[in-house]
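Descriptive structure summary
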Amino acid sequence: MAVLPSERAGAVAVDPGGGVTEIAPARTEPPPSSTTELPTTRPPRPVHGVRATDGVPLHVEIHGHHGPVVVLSHGFTVDSDEWSPQLEALTHRARVVTWDQRGHGRSGWGDPANATIDQLGRDLATVVDAVAPCGRVVLGGHSMGGMSVLALARQHPEWFGTRVAGVFLVATSAGDLISDGPLGALHAVARRAGVLPAVLEGARLAAPVADQLPWRDSALGRWLVRRMAFTADASDDDVRRLQAATESLPLTVTSAFSSSLLSHDETGSLPVLASVPTTVVTAADDRLTPATHGRRIAEALGPRARLVLVDGAGHAVNWTHHDVVDAALLDLVDRLRHA
């Protein structure tokens, strides 16, 4: 596994054949706020009529006009707007496709029984068919979006190396998502006691009522969002932005996906990704998908994988440290452009 060179202070480059190595870019300035002015881009072009295999309408947009096609899948409880910093960096060098995963943003919802990572993989395949029926694509995913990419790899291994030219994974996991900390301990106890299904079903049944309660935009909610997705030095604007996005998602959607997220295991898909260049970005202080998950993915992929470890970053690394994430994504796309 190789390491991605970076111009940021504190980055190091080593022999590509030297096993698992990492980059810990040192930040010499405060993380950029969501209010930071970025260059403007052309308005996105919606792709109409994209429907999942069960008929759910999927909101898909294309940004940019030239270059390789890059399809980006967002994380749990947010929407495709989370990729805004990467769009600003990439649309002059690629045709970038973003989409809202079912139940999120402007996409439809459908049967809650289909709120699974497996279905998200099929949804992603539908998006790829719609935007690049003949060409090759780079697939990128943050958190749950990365899980969708892994599910697609299991469902369509023949695409990797043919239709899929490269993969970009950010703060994601191939499995064993809840294994550490207090939450992991509670999950293990509930599973051993045989009450986990009842707990999840109770949460699902309570979700419609809980959605009507005045719990949104609270100080406690901001504290939780800051602790779970950011580091202590994150700006209030970034925390409030993510809190608003997360709390806009109905609890019926959140609870419906919970079971699939807890049981997520796509480690068997990793050999498929090993056939294409893959960059894995992981955040050193990520409490939702700890850095060990990214390390394990990169280790399993072998010499064609590149691992980028972002020091001082939490789960929202693609926003707070977007310069590092942008550089890693541009590096992958440029390598494929000239391959």
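The present account deals with the structure reproduced in this document. (Residues numbered from 1 in each chain as written. Predicted model: local features only at pLDDT ≥ 70, side-chain atom pairs only at ≥ 80, totals over all residues. Heavy atoms only, no water.)

**Things to note about the packing of aromatic side chains**
One pass over the structure, following the stated rule, counts two aromatic pairs. On the basis of an interplanar angle of 70° and a centroid distance of 6.1 Å, the ring pair of phenylalanine 76 and phenylalanine 257 is categorised as edge-to-face. With phenylalanine 76 in the loop between strand E4 (69-73) and helix H1 (84-90) and phenylalanine 257 in helix H8 (residues 251-263), the pair connects residues that are 181 residues apart, well separated along the chain. Ring-pair connections join several aromatic residues into one group, and the members of that group are Phe76, Trp109 and Phe257. (Phe/Tyr/Trp six-rings, centres within 6.5 Å; stacked < 30°, edge-to-face > 60°. Helix = DSSP H or I, 4+ residues; strand = E, 2+ residues; numbered from the N terminus.)

**Thoughts on the pattern of salt bridges**
If you walk through the whole model with that rule in mind, you get 15 salt bridges. Across the pair arginine 93 and aspartate 334 runs a salt bridge whose closest N-O atoms are separated by 2.1 Å. On the criterion of sequence distance, the pair formed by arginine 93 in the loop between H1 and strand E5 (95-99) and aspartate 334 in helix H12 (residues 322-337) is long-range, its members being 241 residues apart. Taking relative accessible area as the criterion, arginine 93 reaches 25% and is therefore assigned partly exposed. (Salt bridge = Lys/Arg side-chain N within 4 Å of Asp/Glu carboxyl O. Buried < 20%, exposed > 50% of the residue type's maximum accessible area, 1.4 Å probe, protein only.)

**As for the nonpolar core**
If you look at the biggest cluster of nonpolar residues, it comprises 39 residues, and the most contacted ones within it are Val60, Val71, Leu139 and Phe160. When residues in this core are grouped by element, the largest group, five residues, is from helix H2 (residues 117-131). Filtering out sequence-adjacent residues up to four positions away, leucine 139 remains in contact with Val71, Val128, Val149, Leu152, Phe160, Val164, Gly166, Val167 and Phe168. One finds Leu90, Val308, Ala328 and Leu329 within the second-largest nonpolar core, a separate group that totals 25 residues. (Core = buried A, V, L, I, M, F, W, Y, C linked by side-chain atoms within 4.5 Å. Contact = heavy atoms within 4.5 Å.)

**Digging into a nonpolar patch on the surface**
Taken together, the side chains of Leu220, Trp223 and Leu224 make up a nonpolar region of the molecular surface, amounting to roughly 340 Å² of accessible area. By the element assignment, leucine 224 lies in helix H6 (residues 219-229). With relative accessibility at 40%, the residue leucine 224 sits in the partly exposed group. (Patch = residues over 30% accessible without salt bridge, like charges linked within 9 Å, V, L, I, M, F, W, Y side chains within 5 Å. Areas by Shrake-Rupley, 256 points an atom, 1.4 Å probe, with all protein chains shown as cover.)

**Re the pairing of strand E7 (residues 164-170)**
Consecutive residues of a regular strand have side chains that alternate between opposite faces of the sheet. Summarising burial for E7: seven of the seven residues are buried, a large majority. Viewed along the sheet, the connection from strand E6 (residues 137-142) through helix H3 (residues 144-155) into E7 turns out right-handed. Relative to strand E8 (residues 278-283), E7 is paired through four bridges, and the arrangement is parallel. Its bridge partner lying in E8, valine 170 is registered against valine 281. (Right-handed = clockwise from strand over helix to strand, strands pointing away. Pairing = 2+ DSSP bridges.)

**Points about the environment of threonine 53**
Along the polypeptide, threonine 53 turns up in the loop between strand E2 (45-47) and strand E3 (60-63). In sequence terms threonine 53 and aspartate 123 are 70 residues apart; their C-alpha atoms lie 7.2 Å from each other. The residues touching threonine 53, leaving out its near neighbours within four places in the chain, are Gln119, Arg122 and Thr126. Within the structure, the side chain of threonine 53 is placed 3.2 Å from the side chain of glutamine 119, a separation counted as a polar contact. (Polar contact = N/O pair within 3.5 Å; in protein donor to acceptor, adjacent residues only side chain to side chain.)

**Some words on the pairing of E4**
When you tally the buried positions in E4, you get five out of five residues, the bulk of the element. Residues Val69, Val71 and Ser73 point to one face of E4 and Val70 and Leu72 to the other, with burial holding for every one of them. In terms of strand pairing, E4 meets E5 through five bridges, oriented parallel. Within E5, the position partnered with valine 71 by the bridge is valine 97. Following the chain from E4 across H1 to the adjacent parallel E5, one finds a crossover that is right-handed. As judged from the five bridges shared by E4 and E6, these two strands associate in the parallel manner. For valine 71, the partnering residue across the bridge sits in E6 and is leucine 139.

**Quick word on H2**
Given 3.6 residues per turn, any residue in an α-helix points the same way as the ones three and four places further on. Taking 1.5 Å of rise per residue, 15 residues should cover 21 Å, and H2 covers 21 Å from first to last C-alpha, within 8% of that figure. With 11 of its 15 residues buried, H2 lies for the most part within the structure. Turning to H2, its buried residues number three or more, namely Ile117, Gln119, Leu120, Gly121, Asp123, Leu124, Ala125, Thr126, Val127, Val128 and Val131. (Expected span 1.5 Å × (residues − 1).)

**Points about the side chain of histidine 142**
Tracing the chain through its elements places histidine 142 in strand E6. The class for histidine 142 is buried, based on a relative accessible area of 5%. Here glutamate 82 takes part through its side chain, which lies 3.1 Å from a polar atom of the side chain of histidine 142. Among all residues touching histidine 142, those that are not within four sequence positions of it are Ser73, His74, Gly75, Glu82, Trp83, Val170, Ala171, His315 and Asn318.

**A closer look at unusual backbone geometry**
Of note in this structure, threonine 77 is not a glycine but carries a positive phi near 75°. By the secondary structure assignment, threonine 77 is in the loop between E4 and H1. Of note in the backbone geometry, serine 143 takes a positive phi value of approximately 55° without being a glycine.

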